[in-house]
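The lines below spell out each chain.
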Amino acid sequence: MAEKVTIGNAELWHGDCREVLPLLPRFDLILTDPPYGIGAARGSHSNLKMDDEAWDDATPPDWLFGLMREKGRQLIVWGGNYFNLPPTRGFLFWDKSPMPPSYAVGEMAWTSIDMNAAKWCGKVGDDVPVKDRDHPTQKPVRLLEWCISKAENVASVCDPFMGSGTTGVACARMGLQFVGIERERKYFDIACRRIEQAYAQPRLFEDAKVGAGDTAVQGDMLLPANA
Ligand SMILES: C[S@@+](CC[C@H](N)C(=O)[O-])C[C@H]1O[C@@H](n2cnc3c(N)ncnc32)[C@H](O)[C@@H]1O
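First, a word on scope: everything that follows refers to the structure included in this document. (Residues numbered from 1 in each chain as written. Predicted model: local features only at pLDDT ≥ 70, side-chain atom pairs only at ≥ 80, totals over all residues. Heavy atoms only, no water.)

### A look at the overall build of the protein chain
Here's step 1: Secondary structure assignment for the protein chain yields six helices and nine strands.
Here's step 2: Burial status across the protein chain gives 51% buried among its 227 residues.
Here's step 3: Long-range pairs, those at least 24 residues apart, make up 69% of the contacts in the protein chain with a sequence separation of at least 6.
Here's step 4: Total accessible area computed for the protein chain in this model is approximately 11000 Å², and 54% of it derives from carbon and sulfur atoms. (Helix = DSSP H or I, 4+ residues; strand = E, 2+ residues; numbered from the N terminus. Buried < 20%, exposed > 50% of the residue type's maximum accessible area, 1.4 Å probe, protein only. Contact = heavy atoms within 4.5 Å. Areas by Shrake-Rupley, 256 points an atom, 1.4 Å probe, with all protein chains shown as cover.)

Here is the structure:
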């Protein structure tokens, strides 16, 4: 049975998105970062220092991507290259360089948005030092804010694989309605805490233009490195 917690303008579900998402209304944007199945292919990703957890062992079924397209007027899926999604012009690229030679220099997101492909530059530990992250694949908040800025007329956002709640933190900072779903109790509790903290803090940079963060230089002007 799924449990719901409400924090500010955020509704957080502890449960399985295959059961909860069908019950939810339509959103302006579904922005998500599903398991890439890297756990199943651990042999080819031996550099990853991830907890030995089952959540990343399998990718979501194709029908769930179909449901996400129905439930989201616009859809952005990180790790889009791992999934069975149609060709798109408007993909997003997160340039993480410089990275050690044996690590990937970036990640790709599939989008349903008809736009030019775009790139965001920023370190993996852009907002939190890597050793202090709450989730092994936690994304920088400013990366998620930049993603939201690429979609049109967004008032409501859903992340069915919310992990530590980074999309929810971005929405709290941007004043947007957010609905998140997370299956693992540990990460759900962390998401609740992070989103509560985001609501408790005034926005530090009210006039920051998140859409302008397409380069590392502009991005670094918004927050001190590793703040
Ligand atoms: C790649 S992580 C997301 C990390 C997130 N972007 C962040 O910054 O913390 C994917 C998350 O989806 C969760 N998950 C996997 N299958 C799920 C399901 N069927 N329903 C809900 N959550 C699920 C996993 O527990 C994991 O925390």
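Next, the rest of the story.
### A closer look at the packing of helix H4 (residues 166-174) against helix H5 (residues 185-200)
Here's step 1: Put simply, H4 and H5 touch, their axes get as near as 9 Å, and they point 15° apart. In this view, H4 runs roughly parallel relative to H5, as classed from their interaxial angle. In this structure, H4 crosses over H5, and the sense of that crossing is right-handed. Of H5, the residues touching H4 (which contributes Thr166, Gly168, Val169 and Ala172) are Arg194, Ile195, Ala198 and Tyr199.
Here's step 2: Of the residues that constitute the contact of H4 with H5, the class distribution is five nonpolar, two polar and one charged. (Axes fitted to C-alpha atoms, helices over the stretch in contact; angles between N-to-C directions. Parallel < 35°, antiparallel > 145°, perpendicular 65-115°, else oblique. Left-handed = near helix turned anticlockwise from the far one by under 90°. Nonpolar A, V, L, I, M, F, W, Y, C, P; charged D, E, K, R; others polar.)

### Let's talk about the site of the ligand
Here's step 1: Contacts to the ligand come from 22 residues, most closely from Asp33, His135, Ser164, Thr166 and Glu182.
Here's step 2: In this structure, Asp16 approaches the ligand through a side-chain N or O atom, which is 2.9 Å from a nitrogen atom.
Here's step 3: In the environment of the ligand, an oxygen atom lies 2.6 Å from a nitrogen or oxygen atom belonging to the side chain of Ser164.
Here's step 4: Compared with its free state, where it exposes 610 Å², the ligand has 97% of that area covered by protein.
Here's step 5: Among the residues forming the shell around the ligand, the class breakdown is eight nonpolar, seven polar and seven charged. (Near = heavy atom within 4 Å. Polar contact = N/O pair within 3.5 Å; in protein donor to acceptor, adjacent residues only side chain to side chain.)

### Observations concerning H4
Here's step 1: With seven of nine residues buried, H4 is to be regarded as a mostly interior element.
Here's step 2: Buried within H4 are the following residues: Thr166, Thr167, Gly168, Val169, Ala170, Cys171 and Ala172.
Here's step 3: Structurally, H4 contributes buried residues whose contacts are with strand E3 (27-32), helix H3 (141-150), strand E8 (156-159), strand E9 (177-182) and H5.
Here's step 4: Residue Gly175 follows H4 closely and has a positive phi angle near 70°.

### A few points about the sheet that holds strand E2 (residues 10-14)
Here's step 1: Here nine strands make up an open sheet; going across it, the order is E1-E2-E9-E8-E3-E4-E6-E5-E7 and the pairing mixed. Two strands lie at the open edges of the sheet, namely strand E1 (3-7) and strand E7 (118-121), each paired on one side alone. Each strand axis lies, on average, 20° off the axis of its neighbour in the sheet, ignoring direction.
Here's step 2: Relative to E9, E8 runs parallel, the two sharing four bridges. Bridge pairing links Asp159 to Gly180 in E9.
Here's step 3: Contacts from H3 reach E3, strand E4 (72-78), strand E5 (92-95) and E7, with the element oriented near 160° to E7.
Here's step 4: The sheet strands contacting H5 are E1, E2 and E9, and the helix crosses E2 at an angle near 170°. (Pairing = 2+ DSSP bridges.)

### A few points about the pattern of salt bridges
Here's step 1: For the coordinates displayed, the defined rule picks out 15 salt bridges.
Here's step 2: Note that Arg193 is salt-bridged to Asp134, the shortest N-O span being 3.1 Å. With Arg193 in helix H5 and Asp134 in the loop between E7 and H3, this pair connects stretches of sequence that are 59 residues apart.
Here's step 3: Looking at Arg193, the relative accessible area reads 35%, which means it is partly exposed.
Here's step 4: The partner of Asp189 in a salt bridge is Arg185, and the shortest N-O contact between them spans 3.1 Å. Of this pair, Asp189 and Arg185 both sit in helix H5, four residues apart, which is roughly one turn of that helix. (Salt bridge = Lys/Arg side-chain N within 4 Å of Asp/Glu carboxyl O.)

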